[in-house]
Amino acid sequence: MFIFKSLIISDMTARFATKQDIKAIYGFINELENTVFDYGIFEQYYFENLENKNYIYIVVTDAVQNVIGFCSCHGQLLLHHLSMVFEIQELYVTPEYRNNKVGRFLLETMESLLKEKGYNLLEVTSNKRRTEAHRFYINNGFADTHFKFTKRL
């Protein structure tokens, strides 16, 4: 399990997500995916993932402890890298805090955690329609090196 002390920058604090953060994160994911997921199923998956050592959920809070950003990441052993590779699954910042370095703070926190554990690869996939997110990732050191293909079954 990853352990770190909360990181503080300006009026923001980064910390591991907890069960108490579920409602904020549920809202973030619904907005990110432009849908309304079944809360019961979401809760089941969220709590299960919190217990999984290969998942990392980080939130950023403002000065009064409101959750204003979220980043989830999962790791898996990949044969073609011969190492554990972590991939960002979701990264969300509330609209009123965008362009205030919250996303960068989430990324830097995640990268620091992974480096501390000796991991050296972080990946992200972003929907083609999210062009602002693409610029964000490129501006934060990610390289546009792969295509991702999906097929609904």
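Reading the values: the criteria
- Residues numbered from 1 in each chain as written.
- Predicted model: local features only at pLDDT ≥ 70, side-chain atom pairs only at ≥ 80, totals over all residues.
- Heavy atoms only, no water.
- Helix = DSSP H or I, 4+ residues; strand = E, 2+ residues; numbered from the N terminus.
- Rg over C-alpha atoms; globule rule 2.2 N^0.38 Å.
- Buried < 20%, exposed > 50% of the residue type's maximum accessible area, 1.4 Å probe, protein only.
- Contact = heavy atoms within 4.5 Å.
- Areas by Shrake-Rupley, 256 points an atom, 1.4 Å probe, with all protein chains shown as cover.
- Lys, Arg positive; Asp, Glu negative; His and termini not counted.
- Charge placed at Lys NZ, Arg CZ, Asp CG, Glu CD.
- 1 Å grid on protein atoms, 1.4 Å probe; cavity = no way out; pocket = protein on both sides within 12 Å on 5 of 7 lines; lining within 4 Å.
- Points joined across faces, edges and corners; volume = space filled by probe spheres on them.
- Nonpolar A, V, L, I, M, F, W, Y, C, P; charged D, E, K, R; others polar.
- Salt bridge = Lys/Arg side-chain N within 4 Å of Asp/Glu carboxyl O.
- Polar contact = N/O pair within 3.5 Å; in protein donor to acceptor, adjacent residues only side chain to side chain.
- Expected span 1.5 Å × (residues − 1).
- pLDDT = per-residue confidence, 0-100.
- Phe/Tyr/Trp six-rings, centres within 6.5 Å; stacked < 30°, edge-to-face > 60°.

Colleague: Looking at this model, I keep getting lost on the overall build of the protein chain. Mind explaining?
Modeller: When you go through the protein chain residue by residue, the secondary structure sums to four helices and six strands. The helix and strand sequence of the protein chain, counted from the amino end, reads β-β-α-α-β-β-β-α-β-α. Here the protein chain has a C-alpha radius of gyration of 15 Å; the compact-globule value for 153 residues is 15 Å, and the two agree. Seen through its principal axes, the protein chain has C-alpha atoms that stretch 45 × 35 × 30 Å. Burial analysis of the protein chain (153 residues in total) assigns 38% to the buried set. Restricting to contacts in the protein chain with at least 6 residues of sequence separation, those with at least 24 account for 58%. Total accessible area on the protein chain stands at roughly 10300 Å², and carbon and sulfur atoms take up 51% of it. Placing the 17 positive and 18 negative side-chain charges of the protein chain at their respective mean positions leaves the two points 4 Å apart.

Colleague: Looking at this model, I keep getting lost on the layout of surface pockets. Mind explaining?
Modeller: Taking a probe equal in size to a water molecule and rolling it over the atoms shows the remaining empty space. Quantified by volume, the second largest pocket comes out at close to 180 Å³. The wall of the second largest pocket is formed by Glu111, Leu114, Lys115, Tyr119, Asn120, Leu121, Leu122 and Phe142. If you tally residues by element for the lining of the second largest pocket, the top one is helix 3 (residues 102-116), at three residues. For the lining of the second largest pocket, the class distribution of residues is five nonpolar, one polar and two charged.

Colleague: Looking at this structure, I do not really get the pattern of salt bridges. What am I missing?
Modeller: Any two side chains of opposite charge can pair if their charged atoms end up close together. Under the defined criterion, the tally for this structure stands at two salt bridges. Salt-bridge contacts for Arg15 lead to Asp21; the nearest nitrogen and oxygen are separated by 2.8 Å. Measuring nitrogen to oxygen at the nearest pair gives 3.8 Å for the salt bridge that ties Glu33 to Arg130. Placement of the pair is Glu33 in helix 1 (residues 22-33) and Arg130 in the loop between strand 6 (122-124) and helix 4 (131-139), with a sequence separation of 97 residues. Overall, the relative accessible area of 38% leaves Glu33 in the partly exposed class. For Arg130, a relative accessible area of 21% gives the class partly exposed.

Colleague: How do you make sense of the environment of His81 when you look at a structure like this?
Modeller: By the secondary structure assignment, His81 is in the loop between strand 4 (67-78) and strand 5 (83-93). Overall, His81 belongs to the partly exposed group, its relative accessible area being 33%. Spatially, the C-alpha atoms of His81 and Leu107 are 22 Å apart, while their sequence positions differ by 26 residues. Setting aside chain neighbours within four positions, we find His81 in contact with Leu121 and Glu123. There is a polar contact of 3.4 Å between the side chain of His81 and the side chain of His80.

Colleague: Is there a simple way to think about helix 1 in this case?
Modeller: In an α-helix, one full turn covers 3.6 residues, which means residues spaced three or four apart are oriented alike. For helix 1, which comprises 12 residues, the first-to-last C-alpha distance of 16 Å matches the rise-based estimate of 16 Å (1.5 Å per residue) to within 8%. Buried within helix 1 we find Ile22, Ile25, Tyr26, Phe28, Ile29, Asn30 and Leu32. Against the buried residues of helix 1 lie helix 2 (39-51), strand 3 (55-61), strand 4 and strand 5. Just downstream of helix 1 lies Asn34, where phi reads positive at about 55 degrees.

Colleague: What should I look at first to understand the confidence of the model for the protein chain in this one?
Modeller: Low pLDDT means the predicted atomic positions in that stretch should not be read closely. Averaged over every residue, the pLDDT of the protein chain is 92; residues scoring 70 or more account for 94%. Confidence, expressed as mean pLDDT per element, reaches its minimum in the protein chain at strand 1 (residues 7-9) with 63 and its maximum at helix 2 with 98.

Colleague: How should I be thinking about the packing of aromatic side chains in this particular structure?
Modeller: How two aromatic rings sit relative to each other is set out by the distance from centre to centre and by the angle between their planes. Using the criterion set out here, one finds 12 aromatic pairs in the structure. Consider the rings of Tyr26 and Tyr39, whose centres lie 4.9 Å apart with planes at 85 degrees: the pair is edge-to-face. Linking Tyr26 in helix 1 with Tyr39 in helix 2, this pair joins segments that are 13 residues apart in sequence. Their ring planes at 20 degrees and their centres at 5.6 Å tell us that Tyr46 and Tyr57 sit as a pair that is stacked. Residue Tyr46 is located in helix 2, and its partner Tyr57 is located in strand 3; the two are separated by 11 residues in the primary sequence. Owing to a relative accessible area of 3%, Tyr46 belongs among the buried residues under this scheme. Taken together, the ring pairs in this structure connect Tyr26, Tyr39, Phe42, Tyr46, Phe47, Tyr55, Tyr57 and Phe70 into an aromatic cluster.

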